[in-house]
Structures are given as C-alpha cells and as structure tokens.
There are 2 protein chains.
Amino acid sequence: MARLPVYLRALVALAERGIATCSSEELAAAAGVNSSKLRKDLSYLGSYGTRGVGYDVEYLRYQIAREIGVTEDLPVVIVGIGNLGHALANYSGFTTRGFRIVALLDSDPDRVDEEVGGLAIRGHDDLERIVREENVAIGIIATPAAAAQAVCDRLVAAGVTSILNFAPAVLSVPPGVDVRKVDLSIELQILAYHEQRKALVQPIEGGVTA
Amino acid sequence: MARLPVYLRALVALAERGIATCSSEELAAAAGVNSSKLRKDLSYLGSYGTRGVGYDVEYLRYQIAREIGVTEDLPVVIVGIGNLGHALANYSGFTTRGFRIVALLDSDPDRVDEEVGGLAIRGHDDLERIVREENVAIGIIATPAAAAQAVCDRLVAAGVTSILNFAPAVLSVPPGVDVRKVDLSIELQILAYHEQRKALVQPIEGGVTA
DNA sequence: ACGATTTTGTTCTCACGTTCACAAGCTCCT
DNA sequence: AGGAGCTTGTGAACGTGAGAACAAAATCGT
Ligand SMILES: NC(=O)c1ccc[n+]([C@@H]2O[C@H](COP(=O)([O-])OP(=O)(O)OC[C@H]3O[C@@H](n4cnc5c(N)ncnc54)[C@H](O)[C@@H]3O)[C@@H](O)[C@H]2O)c1
Ligand SMILES: NC(=O)c1ccc[n+]([C@@H]2O[C@H](COP(=O)([O-])OP(=O)(O)OC[C@H]3O[C@@H](n4cnc5c(N)ncnc54)[C@H](O)[C@@H]3O)[C@@H](O)[C@H]2O)c1
C-alpha cells in the first residue's frame, strides 16, 4: 500500500513528541486520512492494536518499517548531479528514512570528482561496477529528459530493479522493474487546473452568497 | 483529470519531433497509458479528434492547455531557498510549461538579496505584499517540515489558494485551498516495499523455473 | 460515387478502493 | 468481580475508475 510510508512518518513524528500510544483517530489525523481507511490498512498487516487502548507507537512503527522493508538501509545511486541532483545529494532525509546514497554519477567530466554532500561524483563509466559491488537495487534519475531512457536502460542492465525518475519522460522498462516518476510541472499544472475551476465558479457564488 | 498534463507533455514532445497528427494509440504509448483511457479522457473535453484520422497535435495541445488553464503564465512564489529551493529556482522547465516564478522567499537574513536563477531572494516579510501585488495563486513550500504549516498559513492568509508542499508534513488548510505534496522519501519507500516483495518471491520461482 | 478500412466516441461490465456501521474485546472504575 | 465506556477489526454497501467491445464517422482507393 502506498499509504504505509505516510503512516510511518506520522508515527515517527508522534514518537519524537514522546507519545507512546495513539488511537486510530489520532494517527489518522496526523497522517491526513480517514480513520476507517487507516484501520483497514493496518489490519492488513495483522492485529497490532489493542481494543479500547489503541496502538503502541514504537511497536507499530517497527512493524510498518518491517513491512515496507526499510529496517536496514538500502543502497541508492543518483545519476545526473545537476541542480536537482545536488539538492538530493545534500538531503539528509533519505539517510534517516532507510536509505543510503552510495554513489553520485554524472557524465560531465568537469563534474567528476567534485564532492557533494560528502560523496565524490563518479563518471558514469563506473555505473555498472558500483551497482554490482554495492548491490544497488534503487536508482534515481535526475538527468535531462533526453538522457533518461538511456540511463534507465544502463541501470536496469546493471541490475537495478527500482527507479525513481525526475526527468519529464516516460520510461519503458522490462517486466519486474518498477518505475515511479516525480514531475513537478505536472503537479503545478494539476494545481493550475483547480485554480481555473475556482476562478470560474467562485465569482458567481461569491457575488450571491458568501 | 490528473492525466491531462501527461498528455500535454506527450503532445509537446510529438510536436517537437514534427509530427502533425497522431492516433489515440500513438499518443497513449507516448503518455504511457491505455488507449481506451486516453480516448475517454479526451472525449470528456469534447470531440477534438477525427475518426479514421486521429488527433491534430497542435490543436489538441492547445485545447488541453486551455482546459488545464496554462495558456498564459501563472505567477508562482517559492518559499524556502535551501538546497531544494535553489534547484527549483534554477529550473527552466516551469517557465516553458505555463508558470512564472515571481519571487523567492527565505527567512534567513544571510540568504536575502542572494541572486538565484536571475531573481533576488526576498525576506519573508515581503510575502504578503508580493502575493497581493502579483496576484499569486500558487505557492511552493520548500522549507523544513517544522516551518511548513506556519508558512502555509501565511500564504493562505495572503491569498494563495494552491500549494505545492515538499516538506514531509501534513498541512491543514481551509476549504477551497488545494494542497499537493511531493515527498521523495515516500516514493523511495514505496519502491523499497516492492523491492522486498521481489526479493521474497523471485528466489523461489527463480530456483524452480526461470 | 460507393464500399473497405481505419480510428474515434461511447456504452457496458467489472473490479477495486472507500466509507459506513457494528460486533468483538480490552481496560478501568466501582 | 462485574459492568460501563472506548477502541479495534471487519463485513457489507456504495461510488468511482479502468478496460474491453462495439457502433458511428471520415478518408482513401477503385
Ligand atoms: N531542477 C529542478 O528543480 C527540476 C524540477 C523538475 C524536474 N527536473 C528535472 O530533473 C532533471 C534534472 O534537472 P536539473 O535541473 O538538475 O538539470 P541539470 O541540467 O542541472 O542537470 C543534469 C545533469 O545530468 C547530467 N547528465 C546528462 N546526461 C547524463 C548521462 N547520460 N549520464 C549521467 N549524467 C548525465 C549533466 O551532466 C548534468 O549535470 C531534468 O530532467 C529536469 O527536467 C528538475
Ligand atoms: N533537498 C532535497 O533534495 C529534499 C528532498 C526531499 C524533501 N526535501 C524537503 O524539502 C524541504 C527543504 O529541503 P532543503 O534540503 O532545501 O532544506 P534546507 O535546510 O537546505 O533549506 C530550507 C530553507 O528554508 C528556509 N526557511 C526556514 N524556515 C523558513 C520560514 N519560516 N520561512 C521562509 N524560509 C524558511 C531556510 O532558511 C533554508 O534556506 C525540507 O522539508 C526537506 O525535508 C528536500
């Protein structure tokens, strides 16, 4: 389920505030979902709650982390260390959430050996070797769209089976490989669409009622 | 529909390759969706295709852009010009997809007046004034999670009605305000989940069959 | 000019996800 | 010890979205 990470994040936040136990209602509010949905999602993992009391925050946190598979750090490579790649490489949030960036790769010779976030950029000739040696299963693509499919193919050929793609391009991969895409322009355009609907509807309502 | 921007991007890519007409099958492949779904989505906008021929790329491109509401540039502000904010400010893709970054805001006095991507960073005291003067409807939050809700509240109070949130926090907003969140850790954790499933299933299958 | 062919627009069915509602079960107070 | 009061877990209805299949329409060739 795609909501488990949200629950995990909410549980970590509750734990940091020193809360040891929480009801499905509280956790649902913290995660921004319906409490029914939350309970059904959690019941899919097993009965980790206590009726009349709620859920033990620390225990449930571990169970969800185990279900997701982030109890120990997973190695990740980032390909394309431009504007976005730099930000990702400098981001500390991955480390604290179950991931370990093991390599930064870029095709630009001028960028190679530059150090970002404590890691030296490697040339993309090293891609296959690094993926094999470090047993990397997850790759992040932050190259221009034109290079994305080629980079993707190389990652997959080297053994990567999960890809997070920031380039605005549709990647085709063999079966068994998962791709998730993050496209900020699309997110903004969806917001723009709703903006437009608001702009069309509200003036009419606004003039008559509130 | 959340898929319209994907179609738009695919149409722009086709137009750049000099293709003037395309079938639903071709466009669906370029967008990575089913052709039935694509035709149903497009029919919701009206009958913009020609049976036996397909869709006129340029015409459909404009119609979708109009439907989304990005025929003319929408003003956007970015709050929190750290690692991620810098990358966003330097990103040229927003401009070419219907958005115009009108201000970069940060609370850190050391950062104010620094120039990023041709725009000077402003102190966050200027938030309300800029939003009003430029008629900004869309705000991007790239601050730490702890500051996200406060920034969000200020944006909303100033008149912003759509928010794109990069901070790992659940934002609560009044009705009428849209929030979309981008959380990279969540994306990675979803990939990790599928990784784990693959790791559990494949060794068994792999040992017996292929 | 007419039919074959291609491709859209639409309808129908099906499956999934969401939400409501309630029974089972635990705790705490008396 | 027993019951009142919560809270979980789950069963059933509901609505929504996806996919396949088909009919309408436009072009092209003859
Ligand atoms: N910067 C943003 O905020 C932002 C926002 C949304 C989407 N994106 C997308 O993310 C991608 C990267 O954006 P950016 O702003 O960092 O671009 P960028 O041009 O700054 O960086 C791209 C980097 O990729 C490297 N590269 C190119 N081809 C490569 C290859 N074959 N192998 C390895 N490295 C290669 C380049 O040398 C460069 O360093 C783009 O596709 C962009 O559309 C960026
Ligand atoms: N860097 C990444 O690749 C990345 C990836 C995923 C998520 N994120 C999230 O994006 C957010 C920003 O990440 P970052 O790496 O850029 O962090 P950062 O610390 O580099 O930058 C945060 C910036 O926000 C500013 N800021 C703080 N409070 C503010 C306020 N009240 N008003 C205006 N500005 C304020 C700070 O001065 C700083 O410049 C964080 O929530 C982070 O979790 C970042």
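Source: prediction; values computed, not measured. Numbers given to residues run from 1 along each chain, matching the order in which its sequence is written. Chains carry letters from A onward and ligands carry numbers from 1 onward, assigned in written order. Since the coordinates come from a predicted model, pLDDT governs what is reported: local features require at least 70, and pairs of side-chain atoms require 80 or more to be given and counted, while whole-chain, interface and lining totals use all residues. To obtain the side-chain values, all non-hydrogen atoms of the structure were included, while hydrogens and water were left out.

Around DNA strand D, 23 residues are found, and the nearest of them are Ser24 and Tyr55 of chain A together with Arg3, Lys40 and Arg51 of chain B. Of everything in DNA strand D that lies within 4 Å of the protein, sugar and phosphate atoms constitute 63%. Each polar contact in these results corresponds to two N or O atoms within 3.5 Å; when the atoms are within protein, one needs to be able to donate a hydrogen and the other to accept it, and residues that are neighboring in sequence are counted only if both atoms are side-chain atoms. Within the contact set of DNA strand D, a base oxygen lies 2.4 Å away from a side-chain nitrogen or oxygen of Lys40 of chain B. Between DNA strand D and the protein, one listed contact pairs a base nitrogen with a side-chain N or O atom of Arg51 of chain B at 2.8 Å. Nearness is judged by heavy atoms alone; a residue qualifies as near a molecule or strand once a single heavy atom is within 4 Å of it.

Residue and element names in this part refer to chain A. Here a strand is any run of E in DSSP of at least two residues, a helix any run of H or I of at least four, and the numbering for each starts at the N terminus. To estimate how far a helix should extend, the number of its residues minus one is multiplied by 1.5 Å. Taking 1.5 Å per residue, twelve residues should reach 16 Å; helix H4 (residues 57-68) reaches 16 Å between its end C-alpha atoms and fits that length. Every buried residue belonging to H4 is among Val57, Leu60, Gln63, Ile64, Ala65, Glu67 and Ile68, and all of these are buried. Capping the start of H4 is the job of one residue whose side-chain oxygen sits 3.2 Å from the backbone nitrogen of Glu58: Asp56. Once H4 finishes, Gly69 follows within two positions and takes phi at roughly 100°, a positive value. Each residue's exposure class comes from its accessible area (1.4 Å probe, protein chains only) as a fraction of the maximum for that residue type: buried when under 20%, exposed when over 50%, partly exposed otherwise.

Arg3, Lys40 and Arg51 of chain A together with Ser24 and Tyr55 of chain B are the nearest of the 24 residues found near DNA strand C. In DNA strand C, atoms within 4 Å of the protein come from the sugar-phosphate backbone in 62% of cases. Taking Gly49 of chain B, its main chain carries an N or O atom lying 3.1 Å from a phosphate oxygen of DNA strand C. When residues of the surface near DNA strand C are traced back to their parent elements, those giving at least two are helix H3 (35-45) of chain A together with helix H3 (35-45), strand S2 (49-50) and strand S3 (54-56) of chain B. For the surface near DNA strand C, the element with the most residues is H3 of chain A, which contributes four residues. Any residue that is not Ala, Val, Leu, Ile, Met, Phe, Trp, Tyr, Cys, Pro, Asp, Glu, Lys or Arg is counted as polar, Gly included; the first ten are nonpolar and the last four charged. Classifying every residue of the surface near DNA strand C by side-chain character gives four nonpolar, twelve polar and eight charged.

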